[in-house]
Every structure is written in C-alpha cells, then in structure tokens.
Amino acid sequence: MCLGFGGGCATIELVEWGGLGHVSSSNGFLWGSSTSGPQTEGRLAQDGKGDNLWDYWYRIEPNRFYQGQGPDKTSTFYEHWEEDLDLLLETGHTAFRTSIQWSRIFPEGRGEINQAGVDFYRRVFEKIKEKGIHLLVNLYHFDLPMALQEQGDGWENKETAYAYQEYARFCFKTYGDLVDQWITFNEPIVPVEFGYFYDAHFPHKVDAAAAVKVAYHTQLASSLAVKACHEVDPNYRIGIVLNLTPAYPRSQHPADVKAARIAELFQAKSFLDPSVLGHYPEELVEILRERDLLPDYDPFELRLIEENTVDYLGVNYYQPLRVAAPRYAPNPASPLLFEQFYEPYVMPGRKINPHRGWEIYEQGLYDIAQNIKENYGNIEWILTENGMGVEGEEKFRKDGVIQDDYRIDFVKDHLRELHRAIQDGANCKGYLIWTFIDCWSWLNGYKNRYGLVELDLESQKRTLKNPAIGLKN
Ligand code: BGP
C-alpha cells in the first residue's frame with residue numbers, strides 16, 4: 001500500500017507508503033509511535049519500583065482485569081528495552097513517545113529516590129538519542145503512586161499537585177538534556193471520568209464533587225509542571241496530551257446541540273481551555289457553580305494557570321464522540337453523572353472497526369485541526385495517538401506474519417484527512433501511531449492488539465507485522 005507524507009518543507013503531499021520511515025525527516029515532520037511506562041515496562045522483584053494505583057488494584061481485585069492480565073509483567077520492556085529500541089529504527093521511527101512511571105522514581109510518591117529507576121530511564125533515553133530519534137516523554141499516564149492515594153486521598157488532595165511538581169522538576173533536571181518534548185499528562189479527563197464518575201478505574205468513587213476536585217488539582221499540577229519546566233530551562237518545550245474529539249450532536253434540534261456543547265465542555269474544554277488559553281470556559285464554571293460543585297481555589301492558583309500555558313498540544317484521536325439529549329429526567333436521588341447532560345448516540349450506518357467495536361470517522365481529525373486553528377490560536381500540535389485495536393489478531397497470520405493490511409488502510413485514511421487539514425493551515429508537526437509493540441491495556445489486557453510489532457505473550461518474542469516489514473524495505 002502506498003501512502004505517507006513527503007515533499008518539501010511547507011507542503012506535505014501524499015507519496016508512496018514508505019510508511020513511517022522513508023518519509024520526511026527532511027521536512028521535520030515527526031513519524032513514530034506512542035506508548036507508556038505502565039503499559040510496557042513490567043516489574044522485577046528487585047527493581048525498587050513502588051506500587052501505583054494499578055499495581056495495587058490488580059493485587060486486590062485481579063478478577064476485574066481482562067483474563068486476569070495485570071500490570072505486573074506487561075511487555076517486559078524493563079528487561080528487553082535494548083532489543084526493543086533496535087526495532088525503532090527497523091520500523092522507521094523518527095520519533096518515539098513513552099512515559100516515566102512516577103512510582104519507579106519515587107516509590108512513595110515523594111521523598112526517597114529509587115536510583116535503579118532513575119538510571120533505567122537515563123539509559124533508555126540515551127540509547128534513543130544515540131539512534132537520532134526525537135524523544136517525547138510523558139510524566140503521567142494514569143499511574144499515581146499508591147502511597148499518595150493511601151496517605152492523602154490522591155488527586156482529591158491539592159498537596160498531590162505539589163508532590164507531582166517536585167517529581168516533574170526532578171525529571172526536567174535529570175533528563176532535560178535528552179528529552180526533546182515533555183508532556184505533563186496523558187488524557188487527564190480519563191481518570192476523572194472512569195475513577196470518579198463511573199466504576200471503571202480505581203478508586204471507584206461515584207462522586208461528582210470529588211471528580212471536580214481531581215480535575216482541578218490535575219490541571220493545577222499540569223500548570224505547576226509547565227512552570228517548573230521553564231524554570232529549569234526556558235528552552236525546554238512542554239505540552240499536554242488530550243483526547244480532543246469534537247462532540248457531534250445527533251441532530252440540529254436545540255436539545256441535541258446543547259447536549260453536544262456540554263459534552264465538549266466536560267470532555268475536552270475542561271483541560272484544553274485552561275491548558276492553552278489559561279482559563280476555564282465560563283459556561284463550565286456556571287454549570288458547576290449552580291450545583292455547588294466548584295472546587296476550593298484561590299486567585300493565586302488561577303493566575304498560575306493563566307501564566308503557565310503549554311507550548312504545544314498532543315492530540316489523541318481514535319473515534320468521534322456522538323451525543324444526544326438525555327431521554328429521561330434524572331432521578332434527583334441518584335448521583336450526578338454525565339448522562340444528566342447528554343447520552344452517547346450510536347449513529348446508524350456508522351463505519352466500524354469490527355475487531356474492536358469503535359467507530360471510524362477520519363474526518364474527526366480534520367475537524368479537530370480546524371477547531372485548534374480557529375479557537376486555540378493554531379497552536380502547534382502533534383497527533384500523539386491514533387491506531388486500530390484488533391481482537392484475535394492471530395487469525396490474520398499468514399506465513400508466520402500478521403498481515404494487518406486493515407491497519408495500513410486505517411492509517412492511510414486518517415493521514416489523508418491530516419494532509420487535508422495541513423493543506424488548510426493546520427499546525428500539525430507529527431503523527432505517532434498507537435502503538436509500537438503490542439502492549440497491555442488498562443482494562444482489556446492483551447485482547448486488542450495495536451502494535452506495529454507482534455508480542456508473543458508466552459515467549460515474549462517480538463515479530464514485525466506486515467506494514468512494519470514494509471517500512472523496512
Ligand atoms: C488511549 C490511552 C492509551 C491506550 C489507548 C487504546 O486512550 O491513552 O493508554 O490504552 O487509549 O485504548 P485501549 O487500550 O482501551 O484499547
């Protein structure tokens with residue numbers, strides 16, 4: 001299959017699928033993949049890492065994880081990192097994004113350092129730089145050190161934001177010479193939604209007031225990290241990764257349109273506006289104020305958020321958010337949930353990834369780009385996650401290799417929309433696929449495979465899938 005980006009500095013044109021590789025480091029556009037520490041590294045008895053929320057939750061409720069697959073082993077990157085990094089070049093990466101596990105550096109969240117963890121990341125990052133690969137490092141991918149949850153109620157406690165800033169500052173000082181772009185948080189709305197509205201992530205609270213506090217303290221932490229980063233070195237670049245799908249209303253009925261507007265306030269603008277514009281959307285503040293849900297804040301913190309906006313954005317995009325006005329009035333005695341404002345809408349005739357059940361809507365990427373251009377000062381951004389999960393992928397194996405042509409088509413179709421957006425002025429500087437080597441997923445274990453490289457869970461053997469081999473040639 002033939003597609004990719006190429007050409008001169010200003011234009012990006014569709015060219016042969018040289019895939020991630022042969023295209024254009026020449027014009028500086030970044031090609032690569034994203035992953036995270038907790039989803040790849042695994043733990044060894046003597047590695048000194050402390051528990052994070054996932055390690056703890058898995059220990060007490062392994063039954064809540066797909067096929068009992070937890071975060072203890074994942075893809076054993078902690079042991080196989082050298083071999084894995086060799087595959088970066090083989091699969092044509094010019095950029096790579098991973099995350100540091102806070103609990104590997106500070107097992108208790110703050111205080112004593114785990115030197116083995118500090119050295120591990122240093123070695124990994126040095127090797128990535130030796131290979132000439134642009135390195136993006138995220139500081140938080142859903143993985144709060146458990147000690148901070150146990151001792152201080154985690155993100156419900158403002159102190160956690162300051163503990164995070166100390167951790168972040170340590171990382172800027174320790175690895176700043178190796179990291180090209182920093183990221184404060186990955187999809188910070190996800191732990192708020194899944195951990196505090198819905199019973200899907202630990203700590204399983206269903207409590208809107210706690211959710212709002214967690215969201216506010218996370219934003220505060222992100223802004224504190226931006227501040228610390230620029231204090232350590234004003235030239236360091238730092239951003240935040242958000243899932244920015246527009247909310248598409250079922251119809252133009254005013255109730256559906258309102259539902260979509262509120263969905264976007266909760267799901268996207270709650271972090272996008274303070275991170276990029278430096279303030280919260282007034283309508284969101286009003287909704288919270290009316291329900292007596294505003295968190296404790298002081299003017300100093302709001303000023304800090306205003307003065308420490310991000311240098312660039314990371315955008316994750318998998319599927320669109322389609323919503324409709326709620327069908328039923330809420331039961332006044334039930335906890336406040338998103339459904340009181342909007343409910344998911346399953347559009348008849350939508351295009352589907354049948355192997356994962358998620359809608360495919362490539363144009364969403366173009367719409368995201370237009371939104372950033374028109375409403376967020378056309379801030380520089382990178383597509384930091386886009387990819388296709390496939391359940392039972394072994395059924396596509398032929399001659400020993402997974403023939404994932406469907407993934408090539410998926411990427412190709414999204415790149416077309418990205419290309420169109422860039423032609424229309426989008427300030428997008430890179431495309432990172434989710435993911436490099438099949439990795440562990442929070443609730444789905446190894447059910448849905450996303451990798452350019454196949455992982456055999458038994459032997460831990462890595463095998464290039466079809467397009468990855470294509471990239472090599
Ligand atoms: C994103 C997360 C990733 C990854 C991905 C795929 O939202 O940032 O960590 O998990 O989704 O989703 P899943 O693993 O649920 O299929």
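Residue positions are counted from 1 within each chain, in the order its sequence is given. Predicted model: local features are reported for residues with pLDDT of at least 70 only, side-chain atom pairs are reported and counted for 80 or more only, and whole-chain, interface and lining totals are derived from all residues. As a convention, hydrogens and water are excluded, and side-chain values are obtained from all of the structure's heavy atoms.

Undergrad: Help me out: how do you make sense of the site of the ligand in this one?
TA: Each residue is tested against the molecule or strand, and it is near if at least one of its non-hydrogen atoms lies within 4 Å. As a matter of local geometry, the ligand sits amid 13 residues, with Gln 39, His 141, Glu 187, Ser 441 and Tyr 450 nearest to it. A distance of 3.0 Å separates an oxygen atom of the ligand from a polar side-chain atom of Glu 385. A distance of 2.5 Å separates an oxygen atom of the ligand from a polar side-chain atom of Tyr 450. About the coverage of the ligand: the protein hides 89% of its 380 Å² of free accessible area. Classes in brief: Ala, Val, Leu, Ile, Met, Phe, Trp, Tyr, Cys and Pro nonpolar; Asp, Glu, Lys and Arg charged; the others, Gly included, polar. Per-class residue counts for the shell around the ligand are 5 nonpolar, 5 polar and 3 charged. We define a polar contact as two N or O atoms separated by no more than 3.5 Å, with the added condition that, inside protein, one atom must be a possible hydrogen donor and the other a possible acceptor, whereas residues neighbouring each other in sequence contribute only through side-chain atom pairs. Surface accessibility follows the Shrake-Rupley procedure with a 1.4 Å probe radius. Residue values consider only the protein chains on display as shielding.

Undergrad: Could you clarify how one ought to interpret unusual backbone geometry in this entry?
TA: Apart from glycine, the bulk of residues carry a negative phi angle, and the bulk of peptide bonds sit in the trans form. In this model, Phe 202 is joined to Pro 203 through a cis peptide bond whose omega is 15°. Mapped onto the elements of the fold, Pro 203 is located in the loop between α9 (189-196) and α10 (208-232). With an omega of 15°, the peptide bond running from Trp 434 to Thr 435 counts as cis. Runs of E in the DSSP output that reach at least two residues are strands. Runs of H or I that reach at least four are helices, and both are numbered from the N terminus. Counting through the fold element by element, Thr 435 comes out in the loop between β18 (428-433) and β19 (448-449). Phi at Thr 74 is positive, roughly 45°, even though this residue is not glycine. Note on placement: Thr 74 falls in the loop between α3 (53-60) and α4 (77-90). A positive phi angle, near 65°, is found at Gln 460, a position not held by glycine.

Undergrad: What should I look at first to understand the sheet that holds strand β9 (residues 312-316) in this one?
TA: For sheets, the rule is that strands pair by backbone hydrogen bonds, running either parallel or antiparallel. Taken together, 8 strands build a closed barrel; the order of strands is β3-β4-β5-β6-β7-β9-β14-β18 and the barrel is parallel. Within this sheet the neighbouring strands show an average axis-to-axis angle of 30°, counted without direction. Whether two residues are in contact is decided by their heavy atoms: any pair within 4.5 Å suffices. Note on geometry: axes are lines fitted to C-alpha atoms, helical ones only across the stretch in contact, with angles between N-to-C directions running from 0 to 180 degrees. Along the sheet, helix α6 (residues 115-130) makes contact with β4 (95-99) and β5 (134-138), crossing β5 at roughly 150°. Together, β7 (238-243) and β9 form the strand contacts of helix α11 (residues 254-277), whose direction differs from that of β7 by roughly 165°. By definition, two strands form a pair when at least two bridges between them are found by DSSP.

Undergrad: Got a minute to help me understand the packing of aromatic side chains in this structure?
TA: Aromatic ring pairs are described here by two measures, namely the spacing of the ring centres and the angle between the planes. When the centres of two rings from Phe, Tyr and Trp lie within 6.5 Å, Trp using its six-membered ring, the rings pair. Their planes under 30 degrees apart give stacked, over 60 give edge-to-face, and anything left gives tilted. Here the structure, examined in full by the defined rule, presents 45 aromatic pairs. Centroid distance Tyr 140 to Phe 185: 5.0 Å. Interplanar angle 50°. Geometry classified as tilted. Taken together, the residues span a long stretch of sequence, with Tyr 140 in the loop between β5 and α7 (146-152) and Phe 185 in strand β6 (residues 181-186) at a distance of 45 residues. The cut-offs for exposure are 20% and 50% of the maximum accessible area for each residue type, with area from a 1.4 Å probe on protein chains only; residues under the lower value are buried, those over the upper are exposed, and the others partly exposed. For Tyr 140, a relative accessible area of 4% puts it in the buried group. Residue classification places Phe 185 among the buried positions, given a relative accessible area of 1%. Among the aromatic residues, ring-to-ring pairing joins Trp 102, Phe 106, Tyr 140, Trp 155, Tyr 164, Tyr 167, Phe 170 and Phe 185 into one connected group. Working rule: Lys NZ or Arg CZ, within 6 Å of ring centre, within 35 degrees of ring normal, means a charge sits over the ring. Across the ring face of Phe 120, the terminal group of Arg 104 is positioned such that the distance to the ring centre comes to 5.6 Å. Over the face of the ring belonging to Tyr 361 we find Arg 322, whose NZ or CZ atom lies 4.8 Å from the ring centre.

Undergrad: Would you take a moment to explain the pairing of β18 for this structure?
TA: Taking burial as the measure, the 6 residues of β18 include 5 buried ones, the bulk of the element. Summarising the sheet, strand β3 (residues 30-34) and β18 pair through 4 bridges and their orientation is parallel. When the bridges of β18 are listed, Trp 31 appears paired with Tyr 431.

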